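One letter stands for each residue in the lines below.
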Amino acid sequence: MFIGRKEELLELHQLLNSKRFESVLIYGRRRIGKTELIRESVKNHSGKVIYFEAKKSIFPDNLRELQTIVQSVFQINYEFRSFYDLCAYLFNASEESPIILIIDELPYLINSNPSVISDLRNLIDTYRGHSSAKFIVSGSYIDIMKRLIESDSEIYGRFSHIIPLQPFDYYDASAFYPDYSPEDKLLMYACFGGVAFFNSLADPDLSAKDNILNLLIKKNSILQLEIENTIANETNKIPQMNSIIGLIGEGYTKYSQLTSILRTRTGKDINVDYPLRRLLEMEILRKETPINDPSNKKRTFYRFNDHLIEFYYRFIFPNASSNSILSPDSFYKMFVEKEMAEHYLPYIFEEAAKEFLIRINRKGMIQPPFYNIGTYSYNDALQKRNIQFDAVTEDENGYISYECKYKNQPIGDTVIYQEEVQRNYADMNIYKLGFISRNGFSGNPDPEKYNLYTLNDFYSLPDQ
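Source: prediction; values computed, not measured.

## Section: the pairing of strand 5 (residues 161-164)
Part 1 of the reasoning: Only one face of strand 5 is covered, namely the one carrying His161 and Ile163; the face carrying Ile162 and Pro164 has none of its residues buried.
Part 2 of the reasoning: As paired elements, strand 1 (residues 22-27) and strand 5 share 4 bridges and run parallel to each other. Bridge pairing in strand 5 links Val24 to His161.

## A short note on the layout of surface pockets
A water-sized probe rolled over the atoms picks out the places where empty space is left.
Part 1 of the reasoning: The space that makes up the largest pocket amounts to roughly 1,400 Å³.
Part 2 of the reasoning: Along the walls of the largest pocket sit 43 residues, with Pro167, Phe168, Asp169, Glu355 and Arg359 positioned nearest its centre.
Part 3 of the reasoning: It is helix 18 (residues 328-362) that contributes the most residues to the lining of the largest pocket, 6 residues altogether.
Part 4 of the reasoning: By residue class, the composition of the lining of the largest pocket is 16 nonpolar, 10 polar and 17 charged.

## Regarding the packing of helix 9 (residues 182-192) against helix 18
Part 1 of the reasoning: Following both chains from N to C, one finds helix 9 and helix 18 inclined at 100 degrees, their axes separated by 9 Å at the closest point. Judged by the angle between their axes, helix 9 and helix 18 are roughly perpendicular. The segment helix 9 lies against helix 18, with Leu186, Leu187, Tyr189, Ala190 and Cys191 engaging Tyr332, Met340, Tyr344, Leu345, Ile348, Phe349, Ala352 and Glu355.
Part 2 of the reasoning: Residue classes in the contact of helix 9 with helix 18 are distributed as 12 nonpolar, no polar and 1 charged.

## Some points on the packing of aromatic side chains
Part 1 of the reasoning: Scanning the model with the defined rule gives 27 aromatic pairs in all.
Part 2 of the reasoning: Taking the centre distance of 5.4 Å and the plane angle of 65 degrees together, the rings of Phe91 and Phe135 count as edge-to-face. Note that Phe91 is positioned in helix 4 (residues 83-93) and Phe135 in strand 4 (residues 134-139), a separation of 44 residues in sequence.
Part 3 of the reasoning: For the pair Tyr177 and Tyr180, a centre-to-centre distance of 5.5 Å together with 25 degrees between the ring planes defines the contact as stacked. Tyr180 carries the same exposure label as Tyr177, and that label is buried.
Part 4 of the reasoning: Through successive ring pairs, a cluster of aromatic residues spans Tyr170, Tyr171, Phe349, Phe356, Tyr406, Tyr453, Phe458 and Tyr459.
Part 5 of the reasoning: Against the face of Tyr51 rests Arg39, its NZ or CZ located 5.2 Å from the ring centre.

## Comments concerning unusual backbone geometry
Part 1 of the reasoning: Note that the residue after Gln367, namely Pro368, is joined by a cis bond; omega there is -5 degrees.
Part 2 of the reasoning: By the secondary structure assignment, Pro368 is in the loop between helix 18 and strand 8 (372-380).
Part 3 of the reasoning: Even without being glycine, Arg5 reaches a positive phi, approximately 60 degrees.
Part 4 of the reasoning: Along the polypeptide, Arg5 turns up in the segment before helix 1 (6-16).

## Looking at the state of the cysteines
Part 1 of the reasoning: With the rule as written, the count across this model stands at 0 disulfides.
Part 2 of the reasoning: No disulfide involves Cys404; its sulfur sits 19 Å from the nearest other cysteine sulfur, which is in Cys191.

## Things to note about the environment of Ala175
Part 1 of the reasoning: Secondary-structure assignment places Ala175 in the loop between helix 8 (170-173) and helix 9.
Part 2 of the reasoning: For Ala175, a relative accessible area of 33% translates into the label partly exposed.
Part 3 of the reasoning: Placed 40 residues apart in sequence, Ala175 and Phe135 show a C-alpha to C-alpha distance of 31 Å.

## Side note on the sheet that holds strand 4
Part 1 of the reasoning: With respect to topology, 5 strands assemble into an open sheet ordered 2-3-4-1-5, the strand pairing being parallel. Two strands bound the open sheet, and with one partner strand each, they are strand 2 (48-53) and strand 5. Averaged over all neighbouring strand pairs, the angle between strand axes comes to 15 degrees, with direction disregarded.
Part 2 of the reasoning: Of the pairings in the sheet, the one linking strand 1 to strand 4 comprises 6 bridges and is parallel in character. The residue of strand 4 that forms the bridge with Leu25 is Val137.
Part 3 of the reasoning: Of the strands in this sheet, strand 1, strand 3 (99-104), strand 4 and strand 5 touch helix 1, which is tilted by about 160 degrees from strand 5.

## Focus on the pattern of salt bridges
Part 1 of the reasoning: Enumeration according to the criterion identifies 33 salt bridges in this entry.
Part 2 of the reasoning: Ionic pairing is found between Arg128 and Asp125, a salt bridge with its closest N-O pair at 3.3 Å.
Part 3 of the reasoning: Since its relative accessible area comes to 42%, Arg128 is described here as partly exposed.
Part 4 of the reasoning: The partner of Arg278 in a salt bridge is Asp143, and the shortest N-O contact between them spans 2.9 Å. Residue Arg278 is found in helix 15 (residues 273-281), and its partner Asp143 is found in helix 7 (residues 142-148); the two are separated by 135 residues along the sequence. In terms of burial, Arg278 and Asp143 fall into one category: buried.
Part 5 of the reasoning: Members of the salt-bridge network, linked through shared partners, are Arg286, Glu288, Arg303, Glu351 and Lys354.

Cut-offs applied
Residues numbered from 1 in each chain as written. Predicted model: local features only at pLDDT ≥ 70, side-chain atom pairs only at ≥ 80, totals over all residues. Heavy atoms only, no water. Buried < 20%, exposed > 50% of the residue type's maximum accessible area, 1.4 Å probe, protein only. Helix = DSSP H or I, 4+ residues; strand = E, 2+ residues; numbered from the N terminus. Pairing = 2+ DSSP bridges. 1 Å grid on protein atoms, 1.4 Å probe; cavity = no way out; pocket = protein on both sides within 12 Å on 5 of 7 lines; lining within 4 Å. Points joined across faces, edges and corners; volume = space filled by probe spheres on them. Nonpolar A, V, L, I, M, F, W, Y, C, P; charged D, E, K, R; others polar. Axes fitted to C-alpha atoms, helices over the stretch in contact; angles between N-to-C directions. Parallel < 35°, antiparallel > 145°, perpendicular 65-115°, else oblique. Contact = heavy atoms within 4.5 Å. Phe/Tyr/Trp six-rings, centres within 6.5 Å; stacked < 30°, edge-to-face > 60°. Lys NZ or Arg CZ within 6 Å of the ring centre and 35° of its normal. Disulfide = S-S within 2.5 Å. Salt bridge = Lys/Arg side-chain N within 4 Å of Asp/Glu carboxyl O.

Take a look at the structure:
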C-alpha cells in the first residue's frame, strides 16, 4: 500500500499528463521513498515506461544495461553509441506514442562519467521545444543532486520540476501503524522517524515497544545495520564528521560546544565549519535558530534531521559494548526507558507539535495564518533571566507562543500563569498564548483567550 506523498503524487500526475516535454529532478536520502513515488505515479500510464536504476559500476556497464532495457521495450536490436544517442532515440520516439524515461540514482552515472551532465543539458535544450517525452531523474546523494540545480551548475534551469523529498512528519508516519494509541504513535515516531522504509518494517500486530526492541535495540538488527552503513557510506571520507555526529548524539548541539570538546579530546584546534556544512548539505543534520534572532551563532543548534539517526546516536551508539551482552529488553530498561520518558519524548513532542501546527495552518484551521514558526530565546543579562519558548508562530498580528507539556498530568492554572508572567518579560509582541498538552487541561482555561490542543488532536485531523 502506498502511503503519503499526496502533493508530490498530484504534481507528478499533472506533469505526466501534460502534452509537452517535462524534465523532473527528484532527490532525497536513501530509503525516503523516491522509487516508490515514481512507480506509483506511472502505475496507470498508458505509454511506454523505461525505468533504469544506475549501479555503482563503470559507465559502460550501466549504459549496456540501459540499452538492454530499451531494446526489450521497443523490440529492437540497435546498439547505441552513447548515452546521448540512446536518450535522443527515446525522445524522438515520443512523437509516435507517450514515453517516460526514468533514471534512478543518477549520481552513479555522473561519478563514473561526468560528461553525462553535458548530455543532460543538451538533451533538454534540444527536445523540450518539440518532444512530448517525460524525463525523470532521481538520486540519493543529496549533495550531488543539489549541485545540479545551483546557479553555477552546467545544467541550471533545465529541469521544469524539482521535487525534494523529506522524511514524513509525525502524521504521515503514523499511517504505518494506524491502530496504535496516540502515545504509541508518538513513541514510534521518536524511534523510527519519518523515513518510509524504516516505518514499513514495523509489524502493527506487535506492540510499539516490541517493534523497537526487534528492529532497533537488538544487536545487529536491520535498522542498526542500516544506520551504521548509511553513516559510514556518507561520512567515511571526512573523519571529523563521525566525531561531530557522535557529539551531537551526546547532546552537544552548539557550535562552541563542538569546537571546545574536540579541542579537549584531540589536543588541537579542529575546524568544524566544513564537516558541519557537508552534514547539512547531506541533510543528516539541520540547523535550528531562534525565530527572533536567526543569525545569532550562540543560539544556533545543530540537530539530527531524522529521529531514527537521533535515537541511535543518543541511546545505542554510546552504549554499544553493553548492547552486545544485554538482552534487548534489559538494554531498553537500563539505557533507554528513563531518559526516553523524562527527556527524549518531551523533546519529540515539541517537534511533533510544530509539525501539527504547520498541518492545521495549511488546512486553514488557524486564523490569521502564520508565515513563520520556530523557537524563541531571550536573555536578560541585567535581570539574570533566560527565557525560552518551545514553539512560536509569527503572523500579521505578531507572535503566538505555545508551551508544550508531555506529562501524565493535565496542564493547569499554574503553568498558564507562569507563561503569562514569562510573556511579560519577552522583548517581542506575543499577543496570544497557546498550550499543547499530552493529557488535556484542568481549571477550564478559556479557549477564546488561549489556543488549546492535546496529543489526541494531533491524530484527529480531517482528511486533506
